[in-house]
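# A closer look at the structure
Each chain, letter by letter, is given below.
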Amino acid sequence: MAGERKLAQSTRSDNLTGTSAGSAGVSVLRRSDVFGWGVAAVAAFGVAVLAGNLAAGVPPGWLAVLHETRAEAGTLLPNSRTIKTLQTDLARSQRANAVLRTRMDLLEGTGTIAARRIG
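Just so you know, the residues in each chain are numbered from 1, in the order the chain's sequence is written. Per-residue local features of the predicted model are confined to residues with pLDDT of at least 70, and side-chain atom pairs are confined, for both listing and counting, to 80 or more; whole-chain, interface and lining totals are unaffected and use all residues. Hydrogens are left out, water is left out, and the side-chain values use all remaining heavy atoms of the structure.

## Some thoughts on the overall build of the protein chain
Rule in force here: By the criteria applied, helices consist of DSSP H or I runs no shorter than four residues and strands consist of E runs no shorter than two, each listed in order from the N terminus. Throughout, exposure labels follow a simple rule: accessible area from a 1.4 Å probe, protein chains only, divided by the maximum for the residue type, with under 20% read as buried, over 50% as exposed, and the rest as partly exposed.
A count of helices and strands for the protein chain gives 5 helices and 0 strands. Helices and strands in the protein chain line up, N terminus first, as α-α-α-α-α. Within the protein chain, the fraction of its 119 residues that count as buried is 1%.

Pasting the structure below:
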């Protein structure tokens, strides 16, 4: 009976320190370990909050690249959209240039008719 009580007490005290009778190489959880992991957790939380605040100030175009798939990033899709936009702008500019050229020609023709009448 006394042997059983002594075995139960030794098993209980070993469980409190983190070791058991069968595992001799297990390390004991110390207060400094808990403190170290606590500091690491607080530091990780601080970095996450800082990164979130910095990401809010970044222009949207910079982070949009991260959301593209590899297939979209590897193709000429963004470039083809830019080319299409430039072609549309070029066509609009050419139409405006043609209208202005026609107006200038009409004004020059009116000026020569007036010069003939006067002269």
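From this point, the discussion proceeds with the structure in view.
## Regarding the pattern of salt bridges
So the rule is basically this: Salt bridge, as used here, is a side-chain nitrogen of Lys or Arg placed within 4 Å of a carboxyl oxygen of Asp or Glu.
Enumeration according to the criterion identifies 2 salt bridges in this entry. A salt bridge links Asp33 to Arg30, with the shortest nitrogen-to-oxygen separation between them at 3.5 Å. Of the charged contacts, one joins Arg92 and Asp89 as a salt bridge, the two residues approaching to 2.4 Å between their closest N and O atoms. Note that Arg92 and Asp89 are positioned in helix 5 (residues 77-118) at a spacing of 3 residues, about one turn of the helix.

## As for the confidence of the model for the protein chain
Quick reminder of the rule: Think of pLDDT as the predictor's per-residue confidence, scored from 0 to 100. In this analysis, two residues are considered to be in contact whenever any of their non-hydrogen atoms come within 4.5 Å of each other.
Averaged over all residues, the pLDDT of the protein chain is 77; the fraction at 70 or higher stands at 64%. Per-element confidence in the protein chain ranges from a low mean pLDDT of 50 for helix 1 (residues 2-17) to a high of 94 for helix 2 (residues 31-56). Contacts of residues 11-16 to residues separated by more than four positions or lying in other chains number 4 contacts, the stretch itself having pLDDT below 50.

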